[in-house]
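Spelled out from the first residue to the last, the chains are:
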Amino acid sequence: MKKKWLFTAAAVLSLTLAGCGSDSSKDGSSSDNNQKKVLVMGTSADFAPFEYIDAAKSDEIIGFDVDFANAVTKKMGYQLKIQDMEFNSLIPSVQAKKIDFAMAGITPDEKRAKVVDFTDSYYDTEDYLITKKDVSYDKLEDLKGKKVGAQVSSIEEDTAKEIADKVPSVKVETRDRVPELIQEVKLGRLDAIVLEDIVAKNYVKQNKDLKFSTIDGVDNQKKAAAFPKGSKLVKDFNKAVKELNDSGEIDKMKAKWFKVD
């Protein structure tokens, strides 16, 4: 009987340890020690006012996407954890399921849609050109022979390449982070950079020696969250967004973060 009791106790201990070793919930999301469901969002915190770090106050990542993601995931029944990374690693990280989803002003396109699933659009933008304040490019042809920068692997890089296709002597250069691009323009190493409208306005507001202008022939862009292929969370995400939109909560977030003089 003693040996049988020891075997039973060992079996129970083994099952207990096995349960403690699991770090995923049934639907594939992460769980903390209190068994609360957690979704890990990857972002690139250099894209004010969507996501950025206010170093003057704290190292916390803030912005529209952060408030938006917190509200959506809460309505879905999850807690949100944010992981900062390079923009060009977001889609591969979603694809490899290293993160649960990504939000960073991401625009769905045909190439990305082959490896991840996108939610419905939650915001529309267009691309602007940022230059020094004393420089004027009234039409694309004025960029002949100039260097145009954009964030690597972004839709803005595609826009810069479109400009280069229309004006063959334009040279396109990329950088990992938007602040690097801003600095390159200020130092004269880039003649112009391509940025989303609301982001461009915010950086120009902080840098009085720069200005922004529209780009002819560039379509509006839709912003969406990216999930792994086949994720059932996309439907829940879209449902939560619709409810927040119908209640007016999203309009309040836009009013908070998109005020630009």
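Residues numbered from 1 in each chain as written. Predicted model: local features only at pLDDT ≥ 70, side-chain atom pairs only at ≥ 80, totals over all residues. Heavy atoms only, no water.

A.B. asks: What am I meant to see in the sheet that holds strand β3 (residues 46-47) here?
C.D. replies: Hydrogen bonds along the backbone pair up the strands of a sheet, which may run parallel or antiparallel. Strand order across the open sheet formed by 3 strands is β3-β4-β5, with antiparallel pairing between neighbours. Strands with a single pairing partner mark the edges of an open sheet, and in this sheet they are β3 and β5 (61-62). One ladder, built from 2 bridges, connects strand β4 (residues 51-53) with β5; its direction is antiparallel. The partner of Y52 across the bridge, within β5, is I62. (Pairing = 2+ DSSP bridges. Helix = DSSP H or I, 4+ residues; strand = E, 2+ residues; numbered from the N terminus.)

A.B. asks: Please clarify how the packing of helix α2 (residues 64-76) against helix α9 (residues 249-257) should be interpreted in this entry.
C.D. replies: The geometry of a pair of packed helices is captured by two quantities: the angle between their axes and the separation between those axes. Running from N to C, α2 and α9 cross one another at 160 degrees; their axes reach a closest spacing of 10 Å. Classified by the interaxial angle, the pair formed by α2 and α9 is roughly antiparallel. At the point where α2 passes α9, the crossing takes the right-handed sense. Contact residues: F64, D67, F68 and A71 in α2; I250, M253, K254, K256 and W257 in α9. Residue classes in the contact of α2 with α9 are distributed as 6 nonpolar, no polar and 3 charged. (Axes fitted to C-alpha atoms, helices over the stretch in contact; angles between N-to-C directions. Parallel < 35°, antiparallel > 145°, perpendicular 65-115°, else oblique. Left-handed = near helix turned anticlockwise from the far one by under 90°. Contact = heavy atoms within 4.5 Å. Nonpolar A, V, L, I, M, F, W, Y, C, P; charged D, E, K, R; others polar.)

A.B. asks: What is the right way to look at the packing of aromatic side chains in this model?
C.D. replies: Applying the stated rule across the entire model yields 16 aromatic pairs. Ring geometry for Y52 versus W257: centroids 6.3 Å apart, planes at 85 degrees, classification edge-to-face. Of the two residues, Y52 is situated in strand β4 and W257 in helix α9; the sequence distance between them amounts to 205 residues. Exposure remark for Y52: the relative accessible area of 22% places this residue in the partly exposed category. Three or more aromatic residues link up through ring pairs in this structure, and these residues are F47, F50, F64, F68, F101, Y122, Y123, F227, F237 and F258. In this structure, K37 packs its charged tip against the face of Y78, placed 4.6 Å from the ring centre. (Phe/Tyr/Trp six-rings, centres within 6.5 Å; stacked < 30°, edge-to-face > 60°. Buried < 20%, exposed > 50% of the residue type's maximum accessible area, 1.4 Å probe, protein only. Lys NZ or Arg CZ within 6 Å of the ring centre and 35° of its normal.)

A.B. asks: Help me out: how do you make sense of the confidence of the model for the protein chain in this one?
C.D. replies: Interpretation of the predicted coordinates at a detailed level should be avoided for regions scoring low in pLDDT. On average, the protein chain scores 86 in pLDDT, and the residues at 70 or more come to 85%. In the predicted structure, residues 1-28 sits below a pLDDT of 50 and forms 10 contacts with residues beyond four places in sequence or in another chain. (pLDDT = per-residue confidence, 0-100.)

A.B. asks: Hey, could you run me through α9 in this one?
C.D. replies: In an α-helix, one turn spans 3.6 residues, which is why side chains three or four residues apart end up on the same side. Here α9 has its buried residues at I250, M253 and W257. Down the axis of α9, the sector holding all buried residues measures 55 degrees, keeping them to one side. Buried-residue contacts for α9 involve β4, β5, α2 and α8 (233-247). (Arc of directions from axis to C-beta.)

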